[in-house]
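Here is how the chains run, residue by residue.
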Amino acid sequence: MPAGQTSTSRTDIEVLFSGLPEPIDIELDLEAGTIYWADRGDDTISRAPIAIPAGATAASRTDRQILVRGVREAIGVAIDKRRGRMYYTGGNGQLGRANLDGSSKQEITVDGAFTGIVVVDLP
């Protein structure tokens, strides 16, 4: 916590989006300057540039791309840049994957108990 600031007055946090339904997990692609997130409020996986567009605010920006719909209780997202894919989980046991642009969506399973997910890239 910065000296002299409180949790409601601190200046070292930047809000990137406001008004999203219920974002719960994020994945950053720092090379591309992109943030991916799972939103269990509208059952989606989305992405957007990390930087807020010129002239926009966290509340007014319109650059969110919904990549995958129908991820019931979307709770996890992980990207695999080397293979150009993302993986996502839903609170109901759903595990799926798609290309980083959301195309070629494939459900891997709907059985299990998943929360988050991570991609480990071994040599």
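Check the entry above for the structure.
Residues numbered from 1 in each chain as written. Predicted model: local features only at pLDDT ≥ 70, side-chain atom pairs only at ≥ 80, totals over all residues. Heavy atoms only, no water.

A. Seen up close, the sheet that holds strand S1 (residues 23–29). On the basis of which strands lie adjacent, the open sheet formed by four strands has the order S1-S2-S3-S4 and antiparallel pairing. Each edge of the open sheet is held by one strand with a lone partner, namely S1 and strand S4 (65–69). Mean inter-strand twist for the sheet, computed between neighbouring axes without regard to direction, equals 20°. In this sheet, strand S3 (residues 44–49) lies alongside strand S2 (residues 34–39) in antiparallel orientation, the contact comprising six bridges. Paired with Trp-37 across the bridge in S3 is Ser-46. (Pairing = 2+ DSSP bridges. Helix = DSSP H or I, 4+ residues; strand = E, 2+ residues; numbered from the N terminus. Axes fitted to C-alpha atoms, helices over the stretch in contact; angles between N-to-C directions.)

B. Quick look at the pattern of salt bridges. Within the structure shown, the criterion is met by 10 salt bridges. Across the pair Asp-121 and Arg-83 runs a salt bridge, and its minimum N-O distance is 3.8 Å. Taken together, the residues span a long stretch of sequence, with Asp-121 in the segment after strand S8 (106–109) and Arg-83 in the loop between strand S5 (74–80) and strand S6 (85–90) at a distance of 38 residues. Ionic contacts of the salt-bridge type, sharing partners, join the residues Asp-80, Arg-82, Arg-83 and Asp-121 into one network. (Salt bridge = Lys/Arg side-chain N within 4 Å of Asp/Glu carboxyl O.)

C. Representation of the sheet that holds S8 within the structure. Read across the open sheet, the four strands follow the order S5-S6-S7-S8; overall the sheet is antiparallel. Of all strands in the sheet, those with a lone pairing partner are S5 and S8, marking the two edges. Shown here is a sheet whose adjacent strand axes are inclined to one another by a mean of 25°, direction ignored. Across five bridges, the pairing between S6 and strand S7 (residues 95–99) is antiparallel. Note on S7: the bridge partner recorded for Arg-85 is Asn-99.

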